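# Reading the structure
Spelled out, the chains give:
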Amino acid sequence: MNLNIMGPLAVNELISMDTNLLLAFFIGVGSGFVLESCGFSSSRKLVGVFYGYDTVVLKVFFTGAITAMLGLLFFSLFGWIDLNLVYVNELFLWSTLIGGVVMGAGFITGGFCPGTSFCGAAIGKKDAMVFIIGLFIGVAIFMAGILCGRDYTRPHS
Amino acid sequence: MKDKNISGTRYLNPYLSGVLLGLVVLLANFISGRGVRASGAIKSAIVAGAEILAPHHHGNAAFYKEYAAMHTGNPLNSWLVYQTIGVLAGVFLSGVIAGRLKLKTEHPPHITSRRRLVFALMGGILFGFGSQLGRGCTSGSALSGMAVLSLGGFISMMAIFGTAFALAYFFRKNWI
């Protein structure tokens, strides 16, 4: 039986834009539910990996990446998804490296990353809410810099 | 310190969580051709705000041009924004089921709430700035990037976790 359904569904226009947005909501629900269930809404659990008292971050993160990786590989082998149409993050070496270093400093200082701060905030963690305020300030500072004519994101390609 | 001692509640097995999270990322790629993201939602909100406050100001900036090309229409009407609203709903649901819904500032007993919040704000500013520089945060660049075997994803992951680990010693009094 060949139903001729090939992902990505939205890119191949097999589903409408509205359906795509509705599914985006449910994908969000799925990821939010999983992240909260395993403890990503707690900064002390997240940061625990850097002090050796809690390794949940590494376990979840790498298991997740490997699962998605293998899934995409098999989907591609079965002809269920066209990997050429899947977005692959381009490499901007220096901005990725320096950005990662700044994010790492933010992680150990603030105890969250953007996704996990949404998790914390949604169950009432005030520290997560304040972290999100910080995110807005940080993104705005960067964008103000861009407006002043400096495009930091393209030092290398 | 065991997992459950920090907040007094039980969490889902991390490996099972990882598999489920991976399936969500797989599904996102299968449906929309992109993985999950987080920091982009903040950017969308700010772009939407900037358009209201200064509709013509940003017309020439490359950053906005690229953004506008990728996101046609209202910045708040994008895939990412629906996904983020979903995340908040999913988290809330899990919080209700597990009984973790509570307004509080989480910090170790030996530091004050105020200190925790000041550092949370500073960390947020750094992470926000870094996520724009690095073109994506832990979700969009590291997790989803690694899932599609993007070299940038692996570099991002190592830079974020490596730096946090390297700096952990200096911030130990905030956490342990």
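As the structure is a computational prediction, the values presented were derived from the model and not from experiment. (Residues numbered from 1 in each chain as written. Chains lettered and ligands numbered in written order. Predicted model: local features only at pLDDT ≥ 70, side-chain atom pairs only at ≥ 80, totals over all residues. Heavy atoms only, no water.)

Broken down by element type, chain B carries nine helices and zero strands. Mapped in sequence order, the helices and strands of chain B form the string α-α-α-α-α-α-α-α-α. The buried share of chain B, reckoned over its 176 residues, is 55%. When contacts within chain B are restricted to residue pairs at least 6 apart in sequence, long-range pairs at least 24 apart make up 56% of them. As presented, chain B carries roughly 8200 Å² of accessible surface, and 67% of it is formed by carbon and sulfur atoms. (Helix = DSSP H or I, 4+ residues; strand = E, 2+ residues; numbered from the N terminus. Buried < 20%, exposed > 50% of the residue type's maximum accessible area, 1.4 Å probe, protein only. Contact = heavy atoms within 4.5 Å. Areas by Shrake-Rupley, 256 points an atom, 1.4 Å probe, with all protein chains shown as cover.)

Okay, the nonpolar core next. Core analysis: the largest hydrophobic core is formed by 72 residues, its most contacted members being A:Phe40, A:Phe50, A:Tyr51, A:Phe107, A:Ile108, B:Phe127 and B:Phe161. Per-element tally for this core: the top contributor is helix H3 (residues 56–77) of chain A, with eight residues. Every residue in contact with A:Ile108, bar those within four places of it in the chain, is listed here: A:Val47, A:Phe50, A:Tyr51, B:Ala164, B:Leu167, B:Ala168, B:Phe171 and B:Trp175. (Core = buried A, V, L, I, M, F, W, Y, C linked by side-chain atoms within 4.5 Å.)

Turning next to the interface of chain A and chain B. Of the residues lining the interface, 109 residues belong to chain A; the matching set on chain B comes to 119 residues. A combined buried area of about 10400 Å² lies between chain A and chain B, and 77% of that area is made up of carbon and sulfur atoms. When residues of chain A are sorted by the area they lose upon contact with chain B, A:Arg44, A:Phe61 and A:Met103 head the list and together hold 8% of the total. Applying the counting rule to chain A against chain B returns three salt bridges. Here B:Arg116 makes a salt bridge to A:Asp127, at a shortest N to O gap of 3.1 Å. Where chain A packs against chain B, one counts 30 residue pairs in polar contact (both at pLDDT 80 or more). When contributions to the side of chain A that touches chain B are tallied by element, the ones reaching two or more residues are helix H1 (17–37), helix H2 (43–51), H3, helix H4 (93–110), helix H5 (114–122) and helix H6 (126–147) of chain A. Tallying contributions element by element places H6(A) first for the side of chain A that touches chain B, with 19 residues. Looking at the side of chain A that touches chain B residue by residue, the classes come out as 70 nonpolar, 29 polar and ten charged. (Buried area = accessible area lost by both parts, 1.4 Å probe. Salt bridge = Lys/Arg side-chain N within 4 Å of Asp/Glu carboxyl O. Polar contact = N/O pair within 3.5 Å; in protein donor to acceptor, adjacent residues only side chain to side chain. Nonpolar A, V, L, I, M, F, W, Y, C, P; charged D, E, K, R; others polar.)

Let us now look at the packing of H3(A) against helix H8 (residues 151–167) of chain B. For the pair H3(A) and H8(B), interaxial distance at closest approach is 14 Å and the crossing angle is 180°. The angle between H3(A) and H8(B) places the two elements in the roughly antiparallel class. Mapping the contact onto sequence places A:Val57, A:Leu58, A:Phe61, A:Phe62 and A:Met69 in H3(A) and B:Phe154, B:Met157 and B:Phe161 in H8(B). For the contact of H3(A) with H8(B), the residue count by class is eight nonpolar, no polar and no charged. (Axes fitted to C-alpha atoms, helices over the stretch in contact; angles between N-to-C directions. Parallel < 35°, antiparallel > 145°, perpendicular 65-115°, else oblique.)

For the rest of this paragraph, the subject is helix H6 (residues 113–133) of chain B. Residues and elements named next belong to chain B. Taking 1.5 Å as the rise per residue, H6 with 21 residues should run 30 Å; its terminal C-alpha atoms sit 30 Å apart, in good agreement. Taken residue by residue, H6 has Arg-116, Phe-119, Ala-120, Gly-123, Gly-124, Phe-127, Gly-128, Gly-130, Ser-131, Gln-132 and Leu-133 as its buried positions. Just downstream of H6, Arg-135 is the residue with a positive phi angle, here 55°. (Expected span 1.5 Å × (residues − 1).)

Positionally, A:Thr63 belongs in helix H3. Owing to a relative accessible area of 16%, A:Thr63 belongs among the buried residues under this scheme. One polar contact links the side chain of A:Thr63 to the main-chain carbonyl oxygen of A:Lys59, over a distance of 2.4 Å. In this view, A:Thr63 contacts A:Leu58, B:Tyr15, B:Gly18 and B:Val19; residues no more than four positions away in its chain are not counted.

Attention now goes to the pattern of salt bridges. When charged atoms on two side chains of opposite charge get close, those side chains can pair. Counting across every chain of the model gives four salt bridges over all chains. Between A:Glu36 and B:Arg100 there is a salt bridge, with the nearest N and O atoms lying 2.9 Å from each other. Pair noted here: A:Glu36 is in helix H1 and B:Arg100 is in the loop between helix H5 (79–98) and H6, and the two residues belong to different chains. Given the relative accessible area of 10%, B:Arg100 is considered buried.

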